[in-house]
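Read off the chains here:
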Amino acid sequence: MNKLDTVKHKLFDAYYSQLNAMQRKAVTTVNGPLLVLAGAGSGKTTVLVKRIAHIIHFGDALHGKNSADLTPGELNSLEQLSQIHGCSPDMLRPVLKKLAVDPCPPRNVLSITFTNKAATEMKNRLKSELGDLADEIWAGTFHSICVRLLHRYIQRIGFDSQFTIYDTEDSKKVMADCIADLELDSKMFMPRSVLQIISGCKNRLVTQEEFENTAGDDFKKQTFARLFKRYQLRLANANALDFDDIILMTIRILRECEDVRNTCQKQFKYILVDEYQDTNYAQYILMRLLADKYRNVMVVGDDDQSIYKFRGATVENILNFDKQFTDTKTIYLEQNYRSTGTILKAANGLIAHNTCRKGKNLWTERDEGNKIVLRELDNQEMEARYLADTIQRMVRDEGYHYNDFAVLYRSNAQSNTLENVFTRSALPHRLLGGTRFNDRREIKDIHAYLSVINNPKDTVRLERIINLPKRNIGVITMKSVVHLSEEEGVCTFDIIKNANQYPALSKTASKLMGFANVITELQEIAQNKPLPALFAATIEKSGYMDMLLNSTEDEKDRIANVNELISNAVAFTESNPEATLAAYLEENALVADIDNYDPEAGAVVLMTMHSSKGLEFPVVFLPGMEENVFPSVLSQLSNEEIEEERRLAYVAITRAKKELFLTYTRERLIYGRTSSNRISRFVEELPQELMDSTSAAMYRRFSLGGTDYQAAASKAIETITKKRIAAKEEEFMRKHNPHSFTLGEKVIHDMFGLGVVQSVKKLTGDTLYEITFEKAGTKKMMGTYAKLRRKDAE
DNA sequence: CACGCTCTGCCTGCG
DNA sequence: GCAGAGCGTG
């Protein structure tokens, strides 16, 4: 190492004296692919922020080649500076800037996070680190970044740049319509599950055609393929994208348009992705497409905190990163600044039971702290009371505040009892993750009006509001409207506007046109007046407010929420110079949560373990540590799912800074019936010496008493459910697919008579059967062409 | 076309 | 135990 290098290292070590050696390494390694495996509470956000600042101020100052214009005198003065201790970063920065190698303009840095919450935090911290420079950085969620790009380029693949974004509920509505279109049994094909399959395809970049090709003669798959196609068609007609499409279309543009790809690749010289364990395949491809020119891509994540596989995340992204990007440097951040030694040991002990992991061991300089408390309670009511009492006691005797406590549970259903008991005990608490403001019915309704005003092609939203308030326009009328729109090739709104021109609509024409007039009138207001006025007019002229006011039920919450929306419009107009309706709707489509978790609120916080990711609390309670609750019954099928649950437990445990309480009950109400579950395997997997001894004794007793009968019972239930599903599928196949037969089935052929299926060989697009006929011997024939009928043997 | 009754299926959840 | 869907009736 030459003198300059030595001096540089010393100076940067001083500049980053607040960071540990590994964090410093992550911050200063800026060129080339970099994988940072950051354990819980290891200061990864700090690393991300400092690294971006480093890239902007100094470029690759530490490892790049400095232009050799430092005089020996300058070098000496640098060396002297490096020997002074306690130089503040503000003093060092101007000096270090002279050593900068290709510092990067902020507009060429792309920082991707998963949630809006994380994005906001990132932006705030960049702002305080970099001041106004931060405004130019491309920082946001995958979706917000893609939407920005789509606005610029989506017309390149034949879409209108004024697209609408459909949320999950809209998508469900579209899918329900598709299922109805194809006259399918709605019990066989539930919108939710079909959408899950389509989303899975999109996440893995499987196209409709590819999916269709793999379907073979599996009728169910074929039907999914048809629904997939129909769904996309309906979206396209409504000029709408679902959440997955936002990523997908961006990829399509980058793949298909070389010039756009080149522009983007040049634009994003440095790319940083947070929570990389939560990315799916499509997002990986997107990142690749953007990063392929410079390959300056850093991903940060923790394979042990991957808890979103169920929604398409593939932990393989983080596990394989170093194989996908050659000469990746890997840095482990294993020093934890959050939890006590005991809590960390518990977390390490638990996660060690997982097999598929990179392997990482968190450590801390903090002291051991208190043992983990485990308590058995009679039922969920007692459990909630135990939590309330313990919290009250700790506030009274140990100087804690209410906002020091978090209660984390596996499923939202558990929150009910907790909330009731806490309210009764006058314990200040806040419930997170219930119905979000934007998900409330009345808010969705008004947003639907606004969406239709903005994009009349938006049939889904149109159907939502056309009879709300009641205008006596029913499903039948809308069916014929949709039918006409398909026939005439005009959008549904145009049909409604000119309803009197269609004989089929003669009965309801005046009602339809009345509705169209309201929308047209509001569209004019949208053109000429500011947003708050438009919102007020929409609420009035639609008759929505009157509907609420005249309701027989108490709707004061809804009225308040609707009025709140007008204040939102005022706030939006004030903070956005270009406060168009389109901009408002777009922001609201992407902002899923007005997540105002306020640590200062002076209240105990209740939320799911999932939504606690990224947060920390001095004291954490984990109620419901029972098999079939946590791990959930529904995840007991495969080891993979159990490992994901275990990671969830790891996440939950590592939220705690000082104290951790685990509770389980002898009995619990699940789906309205009492059940008794044995203690969670995750409790048994914790090192016993870390547990509070009094409770450990109790635990052993219970554990020995409780055999696997419950597991056996739930297995049985699962088998029954599976059989029921299988039976339904079978019935469906028989009904819809007369050319498909199973092994051993009796069939009738027009010429050969009665036979038995000997073998089934699936070919692309058809199936080859070998059938032994009573009279004609064994024949091979294709399912589609042979005139085979099923012999219903009952 | 609206209302009320019965039946079913149920986790976690970012955009 | 509860919400949402489906079905039958006024």
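Quick caveat, the model's predicted, so the values are computed rather than measured.

Another aspect to go through is empty space enclosed by the protein. Scanning all chains against the criterion turns up one cavity of 30 Å³ or more. Approximately 40 Å³ is the volume attributed to the largest cavity. If you go around the largest cavity, the residues you meet are Leu149, Leu150, Tyr153, Thr250, Ile253, Leu254, Val260 and Cys264. For the lining of the largest cavity, the elements supplying multiple residues, two or more each, are helix H7 (142-153), helix H12 (243-256) and helix H13 (258-267). In terms of residue class, the lining of the largest cavity is made up of seven nonpolar, one polar and no charged.

Tracing the chain through its elements places glutamine 305 in the loop between strand S7 (297-301) and helix H15 (316-324). A polar contact of 3.4 Å, which involves the side chain of glutamine 305, links it to the side chain of arginine 655. Excluding residues that lie within four positions of it along the chain, glutamine 305 makes contacts with Ala38, Gly39, Ala40, Gln277, Asp278, Lys613, Arg647, Tyr650, Val651 and Arg655.

Here we take up a positive patch on the surface. On the surface, a cluster of positive charge is made up of Arg107, Lys123, Arg148 and Arg152. Mapped onto the elements of the fold, arginine 107 is located in the loop between helix H5 (89-97) and strand S2 (109-113). Its relative accessible area of 41% is what places arginine 107 among the partly exposed residues.

On to the sheet that holds strand S13 (residues 617-622). Strand order across the open sheet formed by six strands is S9-S14-S13-S10-S12-S11, with parallel pairing between neighbours. Lying at the two open borders of the sheet, with one neighbouring strand each, are strand S9 (373-377) and strand S11 (429-431). With direction set aside, neighbouring strand axes in the sheet form an average angle of 20 degrees. Two strands pair when backbone bridges link them, and S11 and strand S12 (residues 604-608) are joined in this way by three bridges, in the parallel orientation. Along S12, the bridge assignment pairs histidine 429 with valine 604. Packed on one face of the sheet, helix H18 (residues 415-424) meets strand S10 (405-409), S11 and S12 and runs near 155 degrees to S11.

This paragraph deals with the packing of aromatic side chains. Scanning all chains against the criterion turns up 18 aromatic pairs. Note on phenylalanine 621 and phenylalanine 661: the rings are 4.6 Å apart at their centroids and 20 degrees apart in plane angle, and the pair reads as stacked. In this pair, phenylalanine 621 is assigned in strand S13 and phenylalanine 661 in strand S14 (residues 656-665), connecting sequence segments 40 residues apart. The same class applies to phenylalanine 621 and to phenylalanine 661, which are both buried. Ring pairs connect the aromatic residues Phe12, Tyr15, Tyr16 and Phe58, which therefore count as one cluster. Lying over the aromatic face of phenylalanine 189, lysine 220 brings its terminal NZ or CZ to 5.7 Å of the ring centre. The aromatic ring of tyrosine 294 is capped on one face by lysine 269, whose charged end is 5.8 Å from the ring centroid.

Among the structural elements, glutamate 643 can be located in helix H28 (residues 639-653). Measuring from C-alpha to C-alpha, the distance between glutamate 643 and isoleucine 343 comes to 20 Å, with 300 residues separating the pair along the chain. Ignoring sequence-local partners within four residues, the contact set of glutamate 643 consists of His353, Asn354, Thr355 and Cys356.

How each quantity is defined
- Per chain, the residues get numbers from 1 upward, laid out in the order the sequence is written.
- Key to labels: chains lettered from A, ligands numbered from 1, both in the order written.
- A pLDDT threshold of at least 70 governs which residues receive local features in this predicted model, and a stricter bar of 80 or more applies before side-chain atom pairs are shown or counted, although totals over entire chains, interfaces and linings include all residues.
- Each side-chain value is derived from all of the structure's non-hydrogen atoms; neither hydrogens nor water enter the calculation.
- Here a cavity denotes a set of grid points, spaced 1 Å apart and computed over the protein atoms alone, in which a 1.4 Å probe fits but from which it cannot get out, and a pocket denotes an open set meeting protein on both sides within 12 Å along at least five of seven lines; residues with an atom within 4 Å of a point are reported as lining.
- Grid points are joined across faces, edges and corners, and a volume is the space filled by probe spheres set on the points.
- Here a strand is any run of E in DSSP of at least two residues, a helix any run of H or I of at least four, and the numbering for each starts at the N terminus.
- Each residue gets one of three labels, nonpolar for Ala, Val, Leu, Ile, Met, Phe, Trp, Tyr, Cys and Pro, charged for Asp, Glu, Lys and Arg, and polar for the others, Gly among them.
- Each polar contact in these results corresponds to two N or O atoms within 3.5 Å; when the atoms are within protein, one needs to be able to donate a hydrogen and the other to accept it, and residues that are neighboring in sequence are counted only if both atoms are side-chain atoms.
- Contacts: residue pairs with any heavy atoms within 4.5 Å of one another.
- Residues forming no salt bridge and having over 30% relative accessible area are the ones grouped into patches, like charges within 9 Å of each other and nonpolar side chains (Val, Leu, Ile, Met, Phe, Trp, Tyr) within 5 Å.
- For accessible areas, the Shrake-Rupley method is used with a probe of radius 1.4 Å. Any residue's cover is judged against the shown protein chains and nothing else.
- For this analysis, a salt bridge means a side-chain nitrogen from Lys or Arg found within 4 Å of a carboxyl oxygen belonging to Asp or Glu.
- Within this scheme the basic residues Lys and Arg register as positive and the acidic residues Asp and Glu register as negative, but His and the chain ends are omitted.
- Note on charges: their place is set at NZ of Lys, CZ of Arg, CG of Asp or CD of Glu.
- The buried label goes to any residue with under 20% of its type's maximum accessible area, the exposed label to any with over 50%, and the partly exposed label to all in between, with areas taken from a 1.4 Å probe on protein chains only.
- Two strands form a pair only when DSSP identifies at least two bridges running between them.
- The axes used here are C-alpha line fits, helices contributing only the stretch in contact, and every angle between their N-to-C directions lies in the interval 0 to 180 degrees.
- Between rings of Phe, Tyr and Trp, where Trp is taken as its six-membered ring, a pair exists when centres lie within 6.5 Å; planes separated by under 30 degrees are stacked, by over 60 edge-to-face, and by other angles tilted.
- In this analysis the charged atom, NZ for Lys or CZ for Arg, is taken to sit over a ring once it is within 6 Å of the ring centre and within 35 degrees of the ring normal.

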